[in-house]
Amino acid sequence: MTPITAELKKETKNIPVRGMMDNVMEQFNSAADQINLHPNIRKILSITNNEIIVNFPVKMDNGDVEIFTGYRVQHNNALGPYKGGLRYHPTVDIDAARALAMWMTWKTSLAGLPYGGGKGGIKLDPSKYSLSELERITRRFTFALADNIGPEHDIPAPDVNTNSQTMAWIADTYMSTRPPAERTANQHVVTGKPDASGGLEGRDRATGYGVYLSIKLWSEKNNRTLEGKKFIVQGFGNVGYWAAHFLEKDGARLVAVQDAFGSIQNQKGIKVEDLFNYSKINDGSIVDYPNAKTVNKNKFFALDCDICIPAALGNQITKENASKIKARLIAEGANGPTNVEGEQILLERGITIIPDILCNSGGVVGSYFEWLQNRNGELWQLDEVMVKLQKKLKESFDKVYEYSEREAMDMRTAAYCIAIERIEKAYIQRGIFP
Ligand code: GLU
């Protein structure tokens, strides 16, 4: 074992929220059993293709040098270039990156995109660094990744604690280090860029819109409307905020929010834009919002509501809280928010879960549009983007819903079956080199 691996193992042990890899593997194996996945393909999909770990130095504002560890795991590229976000968070490690990369493989396959799956990030707490330090960290990380990413090879995007600014720094660094004639042609090395830098109109709201749309489509299939339905959101970042924005527009009522700093509730309703404006002047947090009461963080998932949207980190709904959940519908805005034990309890209680790989796939579909736009030298309008997004997401939703009804299985297993069958077909057609 190398010193780095030993160190990582030690660090992983100390992280309380873990086991994402166990979750994704259990989910994969149970779907693979359902479809009798060919054993050779099961072997291939059970491991990651490439795992890149980089340690790199960055000069801090005070002149000191700090060493950071960054990851990029490339799980599978049978359907196209690796695709998936980069997150900046203290819980980023090799286990998390592997699990998240696998989820991307299923997500892009299910969405019918010509992509594989990858994920990565840096183990750090971004709130501890200045903007200029974050810029240098991002640029140096990009430089360290070098040709392990590329517009036709592996295309990062935003994820937890990274945004369009982070993507602009990555694109600029990557392009600046190419030979002169290739620079601008490499703009699509990342997606989720700001609009003046090759970004897609609407990419900011794409994930949250998809979360909203899947809730709406599920409600329609079950003869329900969104009018007056109470929902709670964990995480008021890009995904949680936009999902709440669209739900409120359709008459649903936001009654509680939790972020990394605290939880608030008001059963009469919390105005989404008002809370968003408050969080902007409160260091990005919803804590102490004047028009709601503070709630104990351990009671959050037990709050009275119809719909629960976990839109923060993985492993949030577990056997500790699943039996107390009041919502009848869970819409997974985050990746892996429900672990296998938590899910079993929810399913036994007749609670529906719209699984992450379907529910939050609006983000990567938006990324695909941005990549196409850059590749073809086009600029798409917002209304055009939203129409295309809706069409693509509805197709996936209908496919999963019908499969789950037909095969009498939960929506996650159905989504996995569809995703894995598509990859299996690609392997069967192409065979294994040599
Ligand atoms: N990070 C997002 C996700 O987990 C977006 C990935 C992408 O657009 O490539 O789906």
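This report concerns the structure included in the present document. Just so it is clear, the structure is predicted and the values come from calculations on it, not from any experiment. (Residues numbered from 1 in each chain as written. Predicted model: local features only at pLDDT ≥ 70, side-chain atom pairs only at ≥ 80, totals over all residues. Heavy atoms only, no water.)

**A look at the site of the ligand**
Here's step 1: Taken together, 14 residues lie around the ligand, and Lys 83, Lys 107, Pro 158, Asp 159 and Ser 367 are the ones closest in.
Here's step 2: A distance of 2.8 Å is found between an oxygen atom of the ligand and a side-chain nitrogen or oxygen belonging to Lys 83.
Here's step 3: Within the side chain of Lys 119, one N or O atom sits 2.9 Å away from an oxygen atom of the ligand.
Here's step 4: Coverage of the ligand by the protein amounts to 94% of the 300 Å² it exposes when considered alone.
Here's step 5: Mapped by element, the contributors of at least two residues to the shell around the ligand are β3 (82-88), α4 (94-110), β5 (154-158) and α12 (362-375).
Here's step 6: A breakdown of the residues in the shell around the ligand according to their chemical character gives four nonpolar, five polar and five charged. (Near = heavy atom within 4 Å. Polar contact = N/O pair within 3.5 Å; in protein donor to acceptor, adjacent residues only side chain to side chain. Areas by Shrake-Rupley, 256 points an atom, 1.4 Å probe, with all protein chains shown as cover. Helix = DSSP H or I, 4+ residues; strand = E, 2+ residues; numbered from the N terminus. Nonpolar A, V, L, I, M, F, W, Y, C, P; charged D, E, K, R; others polar.)

**Observations concerning the environment of Ile 428**
Here's step 1: Assignment of secondary structure puts Ile 428 in helix α14 (residues 411-430).
Here's step 2: Exposure remark for Ile 428: the relative accessible area of 59% places this residue in the exposed category. (Buried < 20%, exposed > 50% of the residue type's maximum accessible area, 1.4 Å probe, protein only.)

**So, the packing of aromatic side chains**
Here's step 1: Per the stated rule, a full pass over the model turns up 20 aromatic pairs.
Here's step 2: Grouped by ring-pair contacts, the aromatic residues Tyr 209, Tyr 212, Phe 236, Tyr 241, Trp 242, Phe 246 and Phe 276 constitute a single cluster.
Here's step 3: The lysine or arginine in question, Lys 388, covers the ring of Trp 380, its NZ or CZ lying 4.1 Å from the ring centre.
Here's step 4: Between Arg 406 and the ring centre of Tyr 403, over which it is positioned, the NZ or CZ distance is 4.9 Å. (Phe/Tyr/Trp six-rings, centres within 6.5 Å; stacked < 30°, edge-to-face > 60°. Lys NZ or Arg CZ within 6 Å of the ring centre and 35° of its normal.)

**Topic: the pairing of β3**
Here's step 1: Counting buried residues in β3 gives seven out of seven residues, a clear majority hidden from the surface.
Here's step 2: Two elements, β3 and β5, share five bridges in a ladder whose sense is parallel. Across the sheet, the residue bridging to Gly 85 is Ala 157, located in β5.
Here's step 3: Where β3 lies against strand β4 (residues 117-122), three bridges are found, and the strand directions are parallel. (Pairing = 2+ DSSP bridges.)

**What to know about the sheet that holds β3**
Here's step 1: Strand order in this open sheet of five strands is β1-β2-β4-β3-β5, and the pairing throughout is mixed. Each having just a single partner strand, β1 (50-59) and β5 make up the two edges of the open sheet. Strand-to-strand twist across the sheet, computed as the mean angle between neighbouring axes with direction ignored, equals 20 degrees.
Here's step 2: With six bridges connecting them, strand β2 (residues 65-76) and β4 associate as antiparallel partners. From the neighbouring strand, Val 73 faces β4, where its bridge partner is Lys 119.
Here's step 3: Across the sheet, α4 is in contact with β1, β2, β3 and β4; its angle to β2 comes to roughly 35 degrees. (Axes fitted to C-alpha atoms, helices over the stretch in contact; angles between N-to-C directions. Contact = heavy atoms within 4.5 Å.)

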